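# A look at the structure
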Amino acid sequence: MKDLSLQTIHQVQTLVHSEALHLDAQRWDDWLGLFTEDAVFWLPAWADEHRLSASPERELSLIYCSARAGLEDRVWRVRSGLSAASKPLPRTSHAVTNSVVTLDSGSSDRVVVDSSWTCHVYELKQRTQHVFFGSYQHHLLCEQGHWRIQSKKVILMNDLIPTMLDFYCI
Amino acid sequence: MAVSLWVEVGHEYMLTSPPGDVRNGSDLIDDRPQDGVFRVHRDAFRDPAAFELEMQRFFERGWVFVGHESQIPHPHDFVTVRIGRSPVIISRDGQGQIHALHNSCRHKGAVVCQNQSGNKRAHLCPYHGWSYASDGRNLLIKDKAEGDYAPAFDLDDHHLQAVARFGVYRGFMFASLSSDVPSLEVHLGDVRTLIDLAVDQAPDGLELVPGVVHYRFRANWKLQLENTIDAYHFASTHPSYLRLLERRASMPQRADAPKTIWQSQNKPKEMMGSFGLARGHAMVWTTTPVENHPLFEQRAQLQSRVGAVRTQWMMRTRQLNVFPNLQIASSAAIQMRVIHPVSVDSTEITSYCLAPVGEAAQKRRQRLRQYEDFFNPSGLATPDDTTIYEDCQRGMASGAIEWQQGHARGMQRLVLGPDAHAQELGIHPMTSVSGTFEMSDETVFHAMYRHWRKVMA
C-alpha cells in the first residue's frame, strides 16, 4: 500500500477546485480537458427520501454520460444558440469544500476525492436565484504526471428542480 | 392582469385576500365553429380567481390521478400525495386492498404520515399519539379510558377519513374528493383503450423504474397540458436536441449514445393526428421511423399477441392527456408525468419512467438513456419546454392582450367524431384530425377547453 503524498493531495484538490472555476467562467474546453475520454459522469435521481438510484443501468438518473462525448454534447448544445434553456446562460458560482482524498485500490496513480459543493445560480431572464447543493465523488487517474477525471458522481440533495438543470449548475 | 393573490408557503399556498369576480368559464372560451373561430382568453392562464375555481371544480370535485399500483406492491406499502390542496395517503392494507385516506389526524388535524413513501402497519400521529392501521382504522386513542370523554364522543368514528371515491384502471390509480362524480369507467371513457395500448405492449405489464424526478416551473399548469399534445412546437423548440441526434449519428464511434426513434436512414414523410376526447382528455399521435423503436425487434410476437393494427399503434408516438393531471407519453420510452398546480403561475411536476416488467438489461439501458435525454428537466429537450412556459407566462402579463391565437391550426381538416384512425382503434372522440406532421393540428385542444368551460361555468 503506497502512501498518499502531500503533493498528490494538493494536486488533486487543485484539479477538483479548478473544475468548478472552469464551469463558472464558462471555459468549457478547459473543463472538458480535465476528463479522460472514457470518463463517466453520473447524477443519479433519488429513488426515495434517502435512497439514490443504485445503478444507471437499471434505475433512473438525472444525467448519465458513459463517456466524455456525452458532456461534449451538452457543451455543444449550450454553444449552439439553439436551446431556449441555455440563452441567456445563468451566472453560476460554485464552492467546493470538505474535500477528503484517499488512495483508490492502493495504487498511487489513482485517488478518490470526496467533497461537498454548492452552486448559486442567478437566472438573468427572471432576475431570480437559487442554490443547488450536494456532494461529489471524483475518481482521478494520473497519466504521465497529469491528473484527470475518470469518473464524477454528483449527488444533488435538493432535487426539486426549478425549471431546469444542466452540467454547469451542479 | 390581476395581482397574484396567492402566496406560496412551501408546497402549499395561501390566499392573501378574497378572490374578486370569478370569471365565468364561458367568458374565457370563444367557441364559434360556424365562424371558424376557437380562442382561449389569457385570463385562463393568469387570473388567480380562475385558478381558484379550477382547484375547486377539477381537483377537489373530480377524478384525479394519484399514482401507479407498482409504487405500493406489498402489504402496508404507502405513498403520500396531494389531491388539490388535501394531503392524502394511498395505502395498501394487510389484505392487499388499497385505500385512499385523508392524511390528517382526526384529533387536531396534523398530517399523520410524514414520509413520501414507505411501509407501515400503523401510522402514529406525532402530536398526541393517536394511531391508525394501514386501512385507516383507528387503533389507539392515547389514554382514552382516563380521558373522561362523554359518550357522545364515540358517536363519530375516529378512523382516518376515506377519500370519497377511489378506483384503479390497469394499475393507474385515481381518486375523487367528492362522491358526486361519474364512475371511473365513465370518466376515463376511451382513455382506457389508449392506456391499454401502453400497458399491453409488455406481456407482463408495466412497472415504475426506481428514481423519481421532481421539477417546478413558474407558469400555469395548462401550458404543460397543452405542450405535450402540441406537435407544432417540436421542431422550433427542440432544434438543439434534433441537431444533436444528427450530430451523434454522424459520429460512428459513439457507442455511448443510443439511436432514437427520431433517427432514420431513409426518412419517410411522417404523419400526425389527434383525438379530442370527452371529459377533457386528448391524444396526439405521430408516425416515426420504426427501426429504432424498442418494440421493433419483437414486432412479430407482438402482432400475434395484440394484432397487426394495435402493434402499428404501439410503435407510433402517442401523447395522452388524462385530464386534469396525468400525461402518458409513449415514444422512445414511456413517461408518466403528474401535474400538481401550485398557484396560477406555478406548477410542480413529478415524472416517472414506466418500463415493461422483466425487461432485458440492454433494452432497459437504452430506454433509460432515451428517457433521460428527452424527458428530464436535466436533459436535452424538456428544459427548453419549461423555460418557454415561463416565457409565455411572463409574456401573458401584458394584460392588454386578451386572446391567444394558439388553437386554430387544423380547423379546416377537423372531423367531428371519429375519423378512420379512431375507428381503427374503436374509440369515439369528439374531434379527430390527421395530416402531415407539419400540419401540426391545434384543434386537439378544443375538446379539452369545451370540457373546461362546461365545468367552470
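With that out of the way, let us pick up the overall build of chain A. For chain A, the helix and strand inventory stands at three helices and nine strands. Ordered by position in the sequence, the α and β elements of chain A form the string α-α-β-β-β-β-α-β-β-β-β-β. Here chain A has a C-alpha radius of gyration of 16 Å; the compact-globule value for 170 residues is 15 Å, and the two agree. Considering only C-alpha atoms, chain A reaches an extent of 50 × 35 × 25 Å along its principal axes. Across the 170 residues that make up chain A, the buried fraction comes to 36%. Relative to all contacts within chain A whose residues are 6 or more apart in sequence, the contacts with residues 24 or more apart total 53%.

Looking now at the domain arrangement of chain B. All names here are of chain B. Once the domains are mapped, chain B shows domain 1 (64-169) and domain 2 (185-456). Distance between the C-alpha centres of domain 1 and domain 2: 35 Å. In this complex, domain 1 contributes seven residues to the contact, which on the side of domain 2 involves twelve residues. For the side of domain 1 that touches domain 2, the element with the most residues is strand β5 (residues 63-68), which contributes three residues. A class-by-class count of the residues in the side of domain 1 that touches domain 2 yields three nonpolar, three polar and one charged.

Another aspect to go through is the sheet that holds strand β12 (residues 138-140) of chain B. In a beta sheet, neighbouring strands pair by backbone hydrogen bonds and run either parallel or antiparallel. All names here are of chain B. Taking strand neighbours across the sheet as the criterion, the three strands line up as β10-β11-β12 in an open arrangement whose pairing is antiparallel. Since the sheet does not close on itself, it has two edges, and those belong to β10 (122-124) and β12, each with one partner. Sheet twist, expressed as the average angle between the axes of neighbouring strands with direction ignored, equals 30 degrees. The pairing of β10 with strand β11 (residues 131-133) spans three bridges and is classified as antiparallel. Along β11, the bridge assignment pairs leucine 124 with serine 131.

Okay, the sheet that holds strand β6 (residues 77-83) of chain B next. Residues and elements named next belong to chain B. Reading across the sheet, the four strands line up as β8-β7-β6-β9 and stay open at both edges, with antiparallel pairing between neighbours. Only two strands of the sheet have a single neighbouring strand rather than two, namely β8 (98-102) and β9 (117-119). Ignoring strand direction, the axes of neighbouring strands in this sheet form an average angle of 25 degrees. Relative to strand β7 (residues 86-92), β6 is paired through six bridges, and the arrangement is antiparallel. Counted as the bridge partner of arginine 82 is proline 87 from β7.

Okay, the interface of chain A and chain B next. Each partner contributes to the interface: chain A provides 37 residues, whereas chain B provides 36 residues. Those elements that place two or more of their residues in the side of chain A that touches chain B are β2 (46-48), β4 (61-65), α3 (68-80) and β9 (160-162) of chain A. The greatest single-element share of the side of chain A that touches chain B, amounting to six residues, is contributed by α3(A). In terms of residue class, the side of chain A that touches chain B is made up of 20 nonpolar, eight polar and nine charged.

Moving on to unusual backbone geometry. In this structure, A:Pro88 follows A:Lys87 across a cis peptide bond, with omega equal to -10 degrees. Positionally, A:Pro88 belongs in the loop between α3 and β5 (91-104). Note the cis peptide between B:Phe323 and B:Pro324, where omega equals 5 degrees. Note on placement: B:Pro324 falls in the loop between β19 (317-322) and β20 (326-330). Look at A:Asn98: it is not a glycine, yet its phi comes out positive at around 55 degrees.

Moving on to the pairing of strand β7 (residues 128-143) of chain A. All names here are of chain A. Strand direction decides the pairing type here: strand β6 (residues 107-123) and β7, joined by 14 bridges, are antiparallel. Note on β7: the bridge partner recorded for serine 115 is tyrosine 136. In textbook terms, the turn of a hairpin is the stretch between consecutive antiparallel strands, and for β6 and β7 this stretch comprises four residues, one of which, arginine 127, has a positive phi near 55 degrees. The sheet contact formed by β7 and strand β8 (residues 146-156) spans ten bridges and is antiparallel. Across the sheet, residue glutamate 143 finds its bridge partner in β8, namely histidine 146.

Definitions and limits used
Residues numbered from 1 in each chain as written. Chains lettered and ligands numbered in written order. Predicted model: local features only at pLDDT ≥ 70, side-chain atom pairs only at ≥ 80, totals over all residues. Helix = DSSP H or I, 4+ residues; strand = E, 2+ residues; numbered from the N terminus. Rg over C-alpha atoms; globule rule 2.2 N^0.38 Å. Buried ≥ 20, exposed ≤ 12 C-beta atoms within 10 Å, placed from the backbone. Contact = placed C-beta atoms within 7 Å. Domains from an automatic or database assignment. Nonpolar A, V, L, I, M, F, W, Y, C, P; charged D, E, K, R; others polar. Pairing = 2+ DSSP bridges. Axes fitted to C-alpha atoms, helices over the stretch in contact; angles between N-to-C directions.

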